[in-house]
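Listed below are the residues making up each chain.
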Amino acid sequence: MSDLDQVTLNAGDKSVVLPVLKPTLGNDCVDISKLTKETGLFTYDSGYTATASCKSAITFIDGDEGVLLYRGYPIEQLSEKSSFVEVAYLLVNGELPDAAQLKAFEAELTAESTVDASINTLIGSFAKDAHPMAILAASIAQLSAKYHASLDLADEVQRRQAALRLIAKVPTLSALIYRHSQGLPANQPDASLDYVSRFLKQTFESADGQYEISPAVVKALDLLFILHADHEQNASTSTVRLVGSTGANPYASVAAGVTALWGPAHGGANEAVLKMLEEIGSADNVESAVLKAKDKASGFRLMGFGHRVYKNFDPRAKIIGVMTKQVLEELGVQDPLLDVAVKLEQAALQDEYFVARKLYPNVDFYSGIIYKALQIPTEMFTVMFALGRTAGWVAHWLEQQVDPEMKIGRPRQVYTGYDVRNYSK
Ligand code: CMC
């Protein structure tokens, strides 16, 4: 934090005093909302590298120190002591639940976990090899149609119910999408199970309802969902907020968030990492992969490396790195890709190119190896990310709806086209 309370910007013969906002944690922010009115100037910041788009009390990241807090709680403590459902409650409500509140929340999620049978018609209309993220976006968009008429965004109870429905139904949709890709019949979530076990059973149970729940698998998936649950104003959350700022309903906003997450620079990186590791194939090829990643002309980047905010380490990657070895051991899985990943990480961390640019493994570097060990197909990896991130998306949407400063998101541009010209042929 600086000592500045305001900054003065001189623009030719005009000058404007801009207040400096003081966050609880993190960098001070110059409030430029008066700038255009008083000077006629806009600001330009491609990729929003220095722009805060909202005030938020949900998640804090210190990229230099590798800190990630949900509602003030360090990610390391939540990963060790909490559960995904408890974290979802925390993100949405602002405080950790007591035992009775947690039980009631779990019961609400269970009650909301079913989806209308018409969803199966929609999912069934896609080719079996259609990308699951396309189907997930479409099926969440279908929820927006189903609940649109009955949704009063001014009603706090209805807003909360919509948020809960999304957290409850995204796993069910994900399971149905997986089953469709495998040619398995559609099924119902098992209401007797907890959130993660319910998702696993619905996903993997055989046509005659058999699935043996492994506590190690449940624990691993629960932890991955916690780590993915929120990450402040990342591209998909900002998309949810941008769509939400128009007054669109939360299902439509989250469907847009899913499409933003899909890209390989964002959540799609977990799928891209596994494909990259498979292509590298063996630890012997790591050196040439690092060389290629440094060659801008190759168009190849080390997937799972680098982050806009983390410039020291990604705390989620640290947790996942340790967990990967444990999970593989517990499940008795030996994956040669783990050796490739370890060697690649070591090589990049010692390389001047990556050191100078502060590029470290991010959350996606090892998560794919765990998902693979849990027998989740590569194309489903980003769906797993979306499942966890839904909790964060709806928490941000809820926060935005009661923000007195909320306006429709509408950036300006630096126009680079023609000056006015006359139409003549
Ligand atoms: N491999 C090789 N070079 C890289 C990489 C990489 N993975 N990431 C960044 N660079 C270089 C980049 O070429 C640039 O070099 P120079 O300064 O010489 O032009 C410099 O590092 C800065 O990169 P940038 O693209 O300006 O940084 P950014 O903040 O705009 O992008 C990023 C961040 C995550 C999109 C980028 O690091 C990347 O493409 N990483 C690979 C994809 C990936 O793993 N994405 C998952 C992000 S974490 C999960 C999530 O929250 O979504």
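Everything below is about the structure shown above.
Rules and cut-offs
Residues numbered from 1 in each chain as written. Predicted model: local features only at pLDDT ≥ 70, side-chain atom pairs only at ≥ 80, totals over all residues. Heavy atoms only, no water. Near = heavy atom within 4 Å. Polar contact = N/O pair within 3.5 Å; in protein donor to acceptor, adjacent residues only side chain to side chain. Areas by Shrake-Rupley, 256 points an atom, 1.4 Å probe, with all protein chains shown as cover. Nonpolar A, V, L, I, M, F, W, Y, C, P; charged D, E, K, R; others polar. Helix = DSSP H or I, 4+ residues; strand = E, 2+ residues; numbered from the N terminus. Buried < 20%, exposed > 50% of the residue type's maximum accessible area, 1.4 Å probe, protein only. Contact = heavy atoms within 4.5 Å. Disulfide = S-S within 2.5 Å. Phe/Tyr/Trp six-rings, centres within 6.5 Å; stacked < 30°, edge-to-face > 60°. Lys NZ or Arg CZ within 6 Å of the ring centre and 35° of its normal. Pairing = 2+ DSSP bridges. Core = buried A, V, L, I, M, F, W, Y, C linked by side-chain atoms within 4.5 Å. Salt bridge = Lys/Arg side-chain N within 4 Å of Asp/Glu carboxyl O.

So, about the site of the ligand. Of all residues adjacent to the ligand, which total 21 residues, the nearest are His 266, Lys 296, Arg 301, Leu 302 and Gly 304. At 2.8 Å from an oxygen atom of the ligand is found a main-chain nitrogen or oxygen belonging to Gly 304. A distance of 2.9 Å separates a nitrogen atom of the ligand from a polar atom in the side chain of Tyr 353. Relative to its unbound accessible surface of 940 Å², the ligand loses 76% to contact with the protein. Residues of the shell around the ligand, tallied by class, amount to 10 nonpolar, 6 polar and 5 charged.

A few words on the side chain of Lys 169. Looking at the secondary structure, you find Lys 169 in helix α7 (residues 156–182). Accessibility expressed as a relative area gives 3% for Lys 169, which makes it buried. At 2.8 Å, the side chain of Lys 169 and the backbone oxygen of Glu 112 are in polar contact. Setting aside anything within four residues of it in sequence, one finds Lys 169 in contact with Glu 112, Ser 113, Thr 114, Val 115, Leu 143 and Tyr 147.

Attention now moves to the state of the cysteines. Across all of its chains, the model carries 0 disulfides by this definition. Not engaged in a disulfide, the cysteine Cys 29 finds its nearest cysteine sulfur in Cys 54; these two sulfurs lie 10 Å apart.

With that settled, consider the packing of aromatic side chains. Under the counting rule described, the total for this entry stands at 12 aromatic pairs. When the centroid spacing of 5.2 Å and the interplanar angle of 90° are considered together, the rings of Tyr 89 and Phe 105 count as edge-to-face. Here Tyr 89, found in helix α3 (residues 84–93), pairs with Phe 105, found in helix α4 (residues 99–111); they are 16 residues apart in sequence, far enough to count as distant. Exposure remark for Phe 105: the relative accessible area of 0% places this residue in the buried category. Consider the rings of Phe 199 and Phe 225, whose centres lie 6.4 Å apart with planes at 65°: the pair is edge-to-face. Taken together, the residues span a long stretch of sequence, with Phe 199 in helix α8 (residues 195–204) and Phe 225 in helix α9 (residues 215–228) at a distance of 26 residues. Across the pair, Phe 225 and Phe 199 agree in class, each one buried. Lying across the ring of Tyr 147, Arg 165 places its NZ or CZ 3.9 Å from the centre.

Through backbone hydrogen bonds, the strands of a sheet pair up, either in parallel or in antiparallel fashion. On the basis of which strands lie adjacent, the open sheet formed by 3 strands has the order β1-β2-β3 and antiparallel pairing. What marks the edges here is a single partner per strand, and that holds for β1 (6–11) and β3 (29–30). Bridge count between β1 and strand β2 (residues 14–21): 6 bridges; the pairing is antiparallel. Among the inter-strand pairings, Gln 6 is bridged to a residue of β2, identified as Pro 19.

Once β1 ends, the chain turns through 2 residues before running back antiparallel as β2, passing Gly 12 with a positive phi of about 65°. Two strands pair when backbone bridges link them, and β2 and β3 are joined in this way by 2 bridges, in the antiparallel orientation. Across the sheet, residue Val 20 finds its bridge partner in β3, namely Val 30.

The next subject is the nonpolar core. Grouped together as the largest cluster of nonpolar side chains are 113 residues, with contacts concentrated most on Tyr 70, Leu 136, Leu 221, Met 276 and Met 384. For Met 276, the residues in contact, after removing those within four places along its chain, are Phe 300, Arg 301, Leu 302, Met 303, Leu 344 and Phe 365.

Further remarks concern the pattern of salt bridges. For the structure shown, the criterion picks out 14 salt bridges. A salt bridge links Lys 201 to Glu 205; the shortest N-O distance between them is 3.4 Å. The class of Glu 205 is buried, set by a relative accessible area of 10%. The partner of Glu 399 in a salt bridge is Arg 241, with the nearest N and O atoms 2.5 Å apart. Placement of the pair is Glu 399 in helix α18 (residues 381–401) and Arg 241 in helix α10 (residues 235–244), with a sequence separation of 158 residues. Pair check on accessibility: Glu 399 and Arg 241 agree, each one buried. Salt bridges sharing partners connect three or more residues here, namely Glu 112, Arg 165 and Lys 169.

Judged by pairing direction, the sheet is antiparallel, and its 3 strands sit side by side in the order β4-β5-β6 without closing on themselves. Either end of the sheet is taken by a strand with one partner, and the two such strands are β4 (59–62) and β6 (73–74). Of the pairings in the sheet, the one linking β4 to strand β5 (residues 67–70) comprises 4 bridges and is antiparallel in character. Residue pairing for β5: Ile 61 is matched across the bridge by Leu 68.

The next subject is α3. Most of α3 is tucked away, with 9 of its 10 residues classed as buried. Buried within α3 are the following residues: Phe 84, Val 85, Glu 86, Val 87, Ala 88, Tyr 89, Leu 90, Leu 91 and Val 92. Positive phi shows up at Gly 94, right after α3, with a value of about 95°.

This next bit is on unusual backbone geometry. Although it is not a glycine, Glu 232 sits at a positive phi angle of roughly 40°. Considering the arrangement of structural elements, one finds Glu 232 in the loop between α9 and α10. Look at Lys 358: it is not a glycine, yet its phi comes out positive at around 55°. Along the polypeptide, Lys 358 turns up in the loop between α16 (352–356) and α17 (364–373).

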